[in-house]
Amino acid sequence: MIPSLQSFINNPNDIDGLVKSIEDQKKTIFTS
Amino acid sequence: VPFYYYPWAVFYRKSLFQQTRLHAVPKTLDEFKALCGRMKTDGLNRSPSPTRTAGRRWARFDTSTCGSTATDFHVRLMAGKESWTSSQVKQVFDTWRGLLPYHQPGANGRTWQEAAQSLVAKQSGMYLLGAFVGEQFTDADRADLDFFAFPEINSQYKQDAVEAPIDGFMVSKKAKNTAGAKDLMKYLATPDAELLFLKSSPNNVATHKDADTSGYTPLQKRCAELVGGAKQVSQFLDRDTGRTSRAR
């Protein structure tokens, strides 16, 4: 998650890719 | 044991606002962006914006989600019950993106303390942070510190929600002297202990309902008023979900 926010700061234009990668990570956390 | 709390808001130096043309406190996001634009023209950064300490980013995210969506959506998102690919979350990042051009460059390499020094030195005009930003000010400069609530992002939710985490103490499960630790906790839970600490760091607000607030600085009083008047108060990330985050 931290790298996601840092990458957003560097490149704020790919919001779709950003939230998808966070959602993918979330699934690994909440289903384990 | 809860000890003190601190609201997140937009902090600035009163003298800087008086020196420049910045007199009106922005109430809406459009007014806020207009102010950011004027500051940029004047050669100021709106916000020092650190990210080396990740918590600062998260609290900004909380502030944005609670301002753009219902607070219960924010809590469900933190609990894993809403999708990050939802339109609400995209809207939060899009709002954030719209503010990035006004930020001090190089945020990813900066601690919050370094960023606060930029506000102290009047190189940055405003800083969205917790009231603990005052720790980076000298006693004399701290009297020059003021804040306003984060402007309204969505007229449906106005400025109803305030992010105001509580910091406190916990006893380790592996404590060697559990009885002694509990005695200490009993003391730390008193108004006297909280006020003693706040005397040395008058940047936060005591959590105890019986703590005497008459000795507060004007800024502490305003912090207490902001949180007391909020319709919703978010803590930090998933602290409102009743679940310990493994993502943190």
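Here, residues in each chain are numbered from 1, in the same order as that chain's written sequence. All chains are assigned letters beginning with A, and all ligands numbers beginning with 1, in the order in which they are written. Given that this is a predicted model, residues contribute local features only at a pLDDT of at least 70 and side-chain atom pairs are listed and counted only at 80 or more, while totals for whole chains, interfaces and linings are drawn from all residues. Computation of side-chain values: all heavy atoms of the structure, hydrogens and water removed.

## Focus on the overall build of chain A
We apply this condition: Going along the chain from the N terminus, every DSSP run of H or I of four or more residues is numbered as a helix, and every run of E of two or more is numbered as a strand. Between buried and exposed lies partly exposed: a residue is buried under 20% and exposed over 50% of the maximum accessible area for its type, with that area taken using a 1.4 Å probe on protein chains only. In short, Shrake-Rupley with a 1.4 Å probe defines the accessible areas, and a residue's cover is counted only from the protein chains shown.
If you tally the helices and strands in chain A, you get two helices and zero strands. Taken along the three principal axes of its C-alpha coordinates, chain A extends 30 × 15 × 5 Å. Burial status across chain A gives 41% buried among its 32 residues. Total accessible area computed for chain A in this model is approximately 1,800 Å², and 52% of it derives from carbon and sulfur atoms.

## Some details on the sheet that holds strand β6 (residues 166–168) of chain B
Residue and element names in this part refer to chain B. The criterion, for reference: Any two strands with at least two DSSP-identified bridges between them are counted as paired. Contact definition: two residues touch when any of their heavy atoms are within 4.5 Å. Fitted lines through C-alpha atoms give the axes, limited to the stretch in contact for helices. The angle between two N-to-C directions lies from 0 to 180 degrees.
The strand order across the open sheet built from three strands is β6-β1-β7, with neighbouring strands paired in antiparallel fashion. The sheet terminates laterally at β6 and β7 (205–206), the two strands that pair on one side only. In the packing of helix α9 (residues 191–200) onto the sheet, contacts are made with β1 (2–5) and β7, and the angle to β1 comes to roughly 40°.

## Regarding the packing of helix α2 (residues 29–41) of chain B against helix α5 (residues 87–99) of chain B
All names here are of chain B. The following threshold applies: Here the angle decides the label: under 35 degrees means roughly parallel, over 145 means roughly antiparallel, 65 to 115 means roughly perpendicular, and every other value means oblique.
Close contact between α2 and α5 brings their axes to 11 Å; oriented N to C, the two are set at 25°. The angle between α2 and α5 places the two elements in the roughly parallel class. For the pair α2 and α5, the contacting residues are L29, F32 and K33 in the first and T95, G98 and L99 in the second.

## Focus on a nonpolar patch on the surface
Put simply, the test is: Patch membership requires over 30% relative accessible area and the absence of a salt bridge. Like charges are linked within 9 Å, and nonpolar side chains (Val, Leu, Ile, Met, Phe, Trp, Tyr) within 5 Å. Salt bridge, as used here: a side-chain nitrogen of Lys or Arg that lies within 4 Å of a carboxyl oxygen of Asp or Glu.
Nonpolar side chains collect at one region of the surface, where B:L184, B:Y187 and B:L196 lie side by side and expose about 310 Å² of accessible area between them. As for its position among the elements, B:Y187 is in helix α8 (residues 178–188).

## Remarks on the interface of chain B and chain A
Rules: Buried area: the sum, over both parts, of the accessible surface (1.4 Å probe) that disappears when the two are put together. Under this definition, polar contacts are N or O atom pairs within 3.5 Å; protein pairs additionally need one hydrogen-donor-capable and one acceptor-capable atom, and for neighbouring residues in sequence, both atoms have to be side-chain atoms. Just so you know the grouping, Ala, Val, Leu, Ile, Met, Phe, Trp, Tyr, Cys and Pro go in nonpolar, Asp, Glu, Lys and Arg go in charged, and all remaining residues, Gly too, go in polar.
Chain B puts 23 residues into the contact, and the matching count from chain A is 20 residues. For the pairing of chain B and chain A, the buried interface totals around 2,000 Å² over both sides, and the portion due to carbon and sulfur atoms is 71%. Inspection of the region where chain B meets chain A yields one salt bridge. With a closest N to O distance of 3.1 Å, A:D16 and B:K90 form a salt bridge. Counting the contacts that link chain B with chain A gives seven residue pairs in polar contact (both at pLDDT 80 or more). When contributions to the side of chain B that touches chain A are tallied by element, the ones reaching two or more residues are α3 (54–68) and α5 of chain B. With six residues, α5(B) is the single largest residue contributor to the side of chain B that touches chain A. Broken down by class, the residue content of the side of chain B that touches chain A amounts to eleven nonpolar, five polar and seven charged.

## A look at the pattern of salt bridges
Residues and elements named next belong to chain B. Evaluation of the coordinates by the stated rule reveals eleven salt bridges over all chains. Between D94 and R97 there is a salt bridge, with the nearest N and O atoms lying 2.4 Å from each other. Residue D94 and its partner R97 are located together in helix α5, separated by three residues, close to a single helical turn. Overall, R97 belongs to the partly exposed group, its relative accessible area being 26%.

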